[in-house]
There are 2 protein chains.
Amino acid sequence: MKLLITGGAGFLGARLARTLLARGHLNGREITHMVLTDIAPPPPDLLSDTRVSARTGPLLVHTDALREEPFDGVFHLASAVSGECEADFDLGLRSNVDSTRALLDALRANVNAGGQAARVVFSSSVAVFGPDPAVPLPAIVADDTLPAPQTSYGMHKLVCEHLVADYTRKGYIDGRAARLMTVTVRPGRPNGAASSFFSGIIREPLAGAVSMCPVSDDVSHPVSSPTRTVDGLITVYEASREAFVGRTALNLPALNVRVADMLDALGQVAGIKVRERVRFARDERIAGIVANWPGGASALRASKLGLKPHANFAEIIRQYIDDCAAAPNADQTLKGMS
Amino acid sequence: MKLLITGGAGFLGARLARTLLARGHLNGREITHMVLTDIAPPPPDLLSDTRVSARTGPLLVHTDALREEPFDGVFHLASAVSGECEADFDLGLRSNVDSTRALLDALRANVNAGGQAARVVFSSSVAVFGPDPAVPLPAIVADDTLPAPQTSYGMHKLVCEHLVADYTRKGYIDGRAARLMTVTVRPGRPNGAASSFFSGIIREPLAGAVSMCPVSDDVSHPVSSPTRTVDGLITVYEASREAFVGRTALNLPALNVRVADMLDALGQVAGIKVRERVRFARDERIAGIVANWPGGASALRASKLGLKPHANFAEIIRQYIDDCAAAPNADQTLKGMS
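Just so you know, these numbers come straight off a predicted model, no measurement behind them. (Residues numbered from 1 in each chain as written. Chains lettered and ligands numbered in written order. Predicted model: local features only at pLDDT ≥ 70, side-chain atom pairs only at ≥ 80, totals over all residues.)

> How should I be thinking about the overall build of chain A in this particular structure?
What chain A contains, in helices and strands, is 15 helices and 14 strands. Relative to the globule expectation of 20 Å for 338 residues, the C-alpha radius of gyration of chain A, 19 Å, shows essentially globular dimensions. Taking all 338 residues of chain A together, 51% fall into the buried category. Pairs at least 24 apart in sequence give 77% of the contacts found in chain A among residues at least 6 apart. (Helix = DSSP H or I, 4+ residues; strand = E, 2+ residues; numbered from the N terminus. Rg over C-alpha atoms; globule rule 2.2 N^0.38 Å. Buried ≥ 20, exposed ≤ 12 C-beta atoms within 10 Å, placed from the backbone. Contact = placed C-beta atoms within 7 Å.)

Below, the structure is given as structure tokens:
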């Protein structure tokens, strides 16, 4: 089978690609070709796999060519992040809405030419939810909570959920939208996402650096580890349509955790000196965005697919430490623990 | 003040234009200019008003010019209807989603050039609601029922609701989305809407013609008269942001009525011979679309703005008869009553 992963050079996309290549199969079929599109090239380990080919550049540049190229399956992860979309309204619409529609139209062109509808997993986001004066936000957002996005990014994700549902209804794709929780701990540098600090306050102290937390420690948030998130995407792909149930998006499992709990877990796993590298300096822009995010999420439909959240945040930190220890630059990413 | 009405030559748009021109003011300001865009020219009575100018052709053709033209207020009614959108997927997206975005971007360009944000009323639809296996549809859909569109038209309307909300959040417009119920009794010929028969089964018998009802008489549906619908749009325009509450769409008031009740009312108002001109011939395509529509709607937020549904369907039929009697071709539209 031939797979496409958009955003395939990003942190989650590359991790998903590695996981799938290591498995070798998806939904009972052998993975023989995997195309990774992204604005940057994928990491060398992926490029060196003979099954992998890369297309580098904005997704919109590639969608014309994709009209001629049948795929059995697609993981559509490419997206501009929330901070970028707030700063550049047009870029956000182009990167998130126009690109998704062009991708779906390319897949539709293949069906119109007589091909099979590709199975498509779209990575939506918990950012579709927010408080609106007409629709109070519940403490815990469920699969069927009414979305009221409070960022352009959240609006884009919600719009794409409904595009995916309608293209699916028409038989142009076999689409499923899964709402990702905030993925933490992300390695590398902070990105433009307003949620970036949910990784930074763990990653930077472990690397020996001071990390500034832009919100107060009683902020609660639904998070998930990279591994559980990738597992969730694969499980949603492999679910039958009947098991997925309907065409509306589902929430992936979340561990609902306060910043204070995250830092307690950091102290518990890595020691008090590491914990003390986190300082608080309120950033009004970020705090304002985060104040409109839900404090927690439930995931009943995902649990019926066998997906569960981590039991506690210490597990998530240990997973990050294990990942770093296995990577070539472990001495840098964990030097704060020495 | 200068107003724009898209779809301004259509049945509702022209009626809204007439109502506003007769009032002469909106939200306390004198209406000095009114631009009507539509694929067809507006009726002669509107064109003869010195305050009115028309732009004929697809909305997308006009949006570039609109970037240079400030408006104080906009009623955005232009839309391809549900039947058209099911038949031509691309036409639907272009007419309903791309045109709306181009209009919103034109208004944004005016704000970016230093102008005031236009007040915008977007006509959404009860068609955003539908049954999804993961989200059972309540018997009566409320303002905060989770939309799960089961037609492309419903998806387009929902997508535009969220575009309007996000452009409003950013200050590019002062937008409000109001979900129209099925408007009946529409004059003239049947259109491509799957809901067309909700007018046909009243209009055709009154004109002396047999009308075929494509669904069974126990189908229930939320309807509204043209007058109440136009009143709803104007009230939503004039509401303060605080009174509108939030940025999510609201339902306009509905009379929830069964086809059997509609026909009973027809017999009561116009006599049994008129009533007997309605025959039943199931149309699977239309019945299938209608089966996915809600059987009724509530409108709590609209009621707080003072908007109420009609008390019964006979009132709606009498309004149609009064309208016809006042029009030049009354002998044709009501010849079935003679």
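> Is there a simple way to think about the relation of the copies chain A and chain B in this case?
There are two copies of the chain, and a rotation about an axis plus a shift along that axis relates them. When chain A is fitted to chain B, the residual RMSD is 0.0 Å, and the transformation amounts to a turn of 180° plus an axial shift of 0.0 Å. Seen this way, the second copy is the image of the first under a two-fold rotation axis. A shared interface surface links the copies, since 100% of the contact residues of chain A are contact residues in chain B too. (Least-squares fit on C-alpha atoms with pLDDT ≥ 70 in both.)

> I keep staring at the sheet that holds strand β13 (residues 255–258) of chain B and nothing clicks. Help me out?
Paired through their backbone hydrogen bonds, the strands of a sheet run either parallel or antiparallel. Residue and element names in this part refer to chain B. As summarised here, the arrangement of the three strands in space is β9-β11-β13, forming an open sheet in which the pairing is mixed. Two strands lie at the open edges of the sheet, namely β9 (182–183) and β13, each paired on one side alone. Here two bridges tie β9 to strand β11 (residues 220–224), and the two strands are oriented parallel to one another. The residue of β11 that forms the bridge with V183 is S224. (Pairing = 2+ DSSP bridges.)

> Honestly, helix α7 (residues 197–206) of chain B in this entry has me stumped. Any pointers?
Residue pairs spaced three or four apart in an α-helix point in one direction, given the helix's 3.6 residues per turn. Residues and elements named next belong to chain B. In terms of residue burial, α7 counts as a mostly covered element, since nine of its 10 residues are buried. The complete set of buried residues in α7 reads F197, F198, S199, G200, I201, I202, R203, P205 and L206. Backbone geometry just after α7 places G208 at a positive phi near 90°.

> Can you help me understand the interface of chain A and chain B in this one?
It is common to give the size of an interface as the accessible area lost on bringing the parts into contact. With 22 residues of chain A at the contact, the number on the chain B side is 22 residues. Sort the elements by how many residues they give to the side of chain A that touches chain B and helix α6 (residues 152–169) of chain A lands first, with six residues. Classifying every residue of the side of chain A that touches chain B gives 11 nonpolar, four polar and seven charged. (Nonpolar A, V, L, I, M, F, W, Y, C, P; charged D, E, K, R; others polar.)

> Please explain the sheet that holds strand β4 (residues 33–38) of chain B as it appears in this structure.
Residue and element names in this part refer to chain B. Taking strand neighbours across the sheet as the criterion, the seven strands line up as β5-β4-β1-β6-β7-β8-β12 in an open arrangement whose pairing is parallel. Two strands lie at the open edges of the sheet, namely β5 (52–56) and β12 (250–251), each paired on one side alone. Alignment of strand β1 (residues 2–6) against strand β6 (residues 73–76), held across four bridges, turns out to be parallel. Paired with T6 across the bridge in β6 is H76. Helix α1 (residues 11–23) contacts β1, β4 and β6 of the sheet and is inclined by roughly 175° relative to β4. (Axes fitted to C-alpha atoms, helices over the stretch in contact; angles between N-to-C directions.)

> Could you clarify how one ought to interpret unusual backbone geometry in this entry?
In most cases, non-glycine residues show a negative phi, while peptide bonds are predominantly trans. All names here are of chain A. Cis geometry marks the peptide bond from T184 to V185; its omega dihedral reads 10°. Tracing the sequence through the fold places V185 in the loop between β9 (182–183) and α7 (197–206). Look at N27: it is not a glycine, yet its phi comes out positive at around 55°. The topology assignment puts N27 in the loop between β2 (25–26) and β3 (29–30). The phi torsion at V245 lies on the positive side, around 70°, for a residue other than glycine. Tracing the backbone through its elements, the reader meets V245 in the loop between α9 (241–244) and β12 (250–251). Accessibility expressed as a C-beta count within 10 Å gives 18 for V245, which makes it partly exposed.

> Please explain the environment of F280(A) as it appears in this structure.
Residues and elements named next belong to chain A. By the element assignment, F280 lies in strand β14 (residues 278–280). On the neighbour-count criterion, F280 (12 C-beta atoms within 10 Å) is exposed. The sequence separation of F280 and C213 amounts to 67 residues, and the corresponding C-alpha distance is 4.8 Å.

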